[in-house]
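Here are the chains, one letter per residue:
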Amino acid sequence: MIKAITGTKDILPGDIQRWKYLENIVENVFAAFNYKEIRTPVFEETALFARGIGEETDIVGKEMYTFTDRSETSVTLKPEMTASVVRAYVEHSLGIKQPLNKLYYISPMFRQERPQAGRFRQFHQFGAEALGSDSPLIDAEMIQIAYDIFNRLGLKDISIKINSLGVPESRENYKKVLREYLADKKENLSEDSRVRFEKNILRIFDSKVESDRLIMKDAPLLIDYLDEESKTDFEIVKQALTRANIPFEIDPKLVRGLDYYSKTTFEVISGKVGSQSALCGGGRYDLLVEQLGGKPSPGMGFAAGIERILLACENENSFSLPDEKIDLYITRLDKELSTEVYDIASYFRRENISVEIDYLDRSVKAQMREANKFNSRFVLFVGGEEFIIGALNLKNMADGSQQSFDKNNLEEIKKILRK
Ligand code: HAM
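I will try to describe carefully the structure that is included in this document. Quick caveat, the model's predicted, so the values are computed rather than measured.

Quick notes on the rules
Residues numbered from 1 in each chain as written. Predicted model: local features only at pLDDT ≥ 70, side-chain atom pairs only at ≥ 80, totals over all residues. Heavy atoms only, no water. Near = heavy atom within 4 Å. Polar contact = N/O pair within 3.5 Å; in protein donor to acceptor, adjacent residues only side chain to side chain. Areas by Shrake-Rupley, 256 points an atom, 1.4 Å probe, with all protein chains shown as cover. Helix = DSSP H or I, 4+ residues; strand = E, 2+ residues; numbered from the N terminus. Nonpolar A, V, L, I, M, F, W, Y, C, P; charged D, E, K, R; others polar. Pairing = 2+ DSSP bridges. Contact = heavy atoms within 4.5 Å. Axes fitted to C-alpha atoms, helices over the stretch in contact; angles between N-to-C directions. Buried < 20%, exposed > 50% of the residue type's maximum accessible area, 1.4 Å probe, protein only. Disulfide = S-S within 2.5 Å.

## Comments concerning the site of the ligand
Working step 1: Around the ligand there are 27 residues in total, and Glu80, Glu113, Glu129, Tyr261 and Ala278 lie nearest to it.
Working step 2: Residue Ala278 places a main-chain N or O atom 2.8 Å away from an oxygen atom belonging to the ligand.
Working step 3: In the environment of the ligand, a nitrogen atom lies 3.3 Å from a nitrogen or oxygen atom belonging to the backbone of Phe302.
Working step 4: For the ligand, the accessible surface in isolation is 660 Å², of which the surrounding protein chains cover 96%.
Working step 5: Those elements that provide at least two residues to the shell around the ligand are β6 (122-131), β10 (278-284) and β11 (299-305).
Working step 6: When residues of the shell around the ligand are assigned to their parent elements, the largest contribution, 6 residues, is made by β10.
Working step 7: Class assignment for the residues of the shell around the ligand results in 12 nonpolar, 8 polar and 7 charged.

## With respect to the sheet that holds strand β5 (residues 101-110)
Working step 1: Spatially, the 8 strands line up as an open sheet ordered β1-β5-β6-β11-β10-β9-β7-β8, and their pairing is mixed. Both outer strands of the open sheet, β1 (36-37) and β8 (249-250), are each paired with one neighbouring strand and no more.
Working step 2: Both strand β7 (residues 158-164) and strand β9 (residues 262-270) contribute to a ladder of 7 bridges, which runs antiparallel. The residue of β9 that forms the bridge with Ile162 is Phe266.
Working step 3: Each of β5 and β6 touches helix α4 (residues 82-91); the most contacted strand, β6, lies at about 45° to it.

## Regarding the pairing of β7
Working step 1: In terms of residue burial, β7 counts as a mostly covered element, since 7 of its 7 residues are buried.
Working step 2: By the alternation rule, side chains of β7 split into Ile158, Ile160, Ile162 and Ser164 and Ser159, Lys161 and Asn163, which are all buried.
Working step 3: Sheet topology note: the β7/β8 ladder contains 2 bridges and is parallel. Its bridge partner lying in β8, Lys161 is registered against Glu249.

## Considerations on the state of the cysteines
Working step 1: In this structure the tally under the stated criterion is 0 disulfides.
Working step 2: Just so you know, Cys280 is unpaired, no disulfide at all, and the nearest cysteine sulfur is the one on Cys313, 13 Å from it.
Working step 3: Residue classification places Cys313 among the buried residues on the basis of a relative accessible area of 1%.

Right, dumping it as structure tokens:
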């Protein structure tokens, strides 16, 4: 038997309501902040991600689904959306049409990571990118959007961590300081961290190895080496969050795994989903548009992992859904009447009334069991003596009451079903 690929998951009809519930909240919150939806292709030229996310990152180095297609082009299934959105923004000159573009998405992403609880190879993100403004209020807006969505989902056990990575110049200065600090400790670092020392020194802060953590405990912090502009912006972000009653912690060791960030970065962590605890992450990327060939234009965004969020919701029991219902089940009393039943169902279905009928030649009893299983509000009986004299019986399943209607007057039944 062929099974789904490791790290991918079917979202079955029984799960879909929770996904739709979440997506509905996401869309409402983005509408409240006036974000417009963007959809980009599932695959792009590999160079886009390599250049956008950074050659030295785990995503580009180890996790991308990259292949050469039949025309010898190297293509990659998108591991994230920011690079794709920026590509579309540049390609379609969106910045010329509008000075500030506020865009959101809900889309599958692909990363060949080791699967575990909350970590998949095909997963789904919702997220947003605002292109064209360097205002720190946009940074606050992004954090607020994420917070408001989590809040509306009923999540309580979450913490927001924020940091500033400064502009490239102050970051380069800081890296020198960090390199000096680590110079005589380098030999004691894990192998991974020694590689990072050469290639991406900030990421040593992300190491889970205990001895690395001990070494990094007393390391100098980037936040103490920030340039004036980053410092002022960070203050504005913090103040805006405080005014909006959004609880946050400053985490000077939050470095993020993608290379494009500068200034504000943030993550939202859940205490209820185990080791893969980041529900979302994001930050400012003021140089990315230029790096990808566009006119310099600041950007800020975040993305959130839907599977993880739904897991957190489940573990917190943060929302419950009403039972699914249909409006009408049409029970066929005589076998010969299936075409009549089908036609009556068609009439109501075209009136946007949800209807089910039997296609399996089931007994009346079995049809009634189906009606109950589908939580049908009403059952319409077609057949028997009533039908011969031109009548249909409608049963209200909530109170058991029945009413008789002329079979040529479906309009009257429609009025009752609409109530
Ligand atoms: P990221 O931190 O790589 O950022 O991913 C964002 C979120 O996607 C994570 O916090 C997590 O919830 C979810 N996620 C990532 N990998 C997996 C996986 N293998 N399985 C399940 N969920 C996962 C970005 O993707 C950036 N593009 C965010 C951004 C937008 N920054 C600026 N704009």
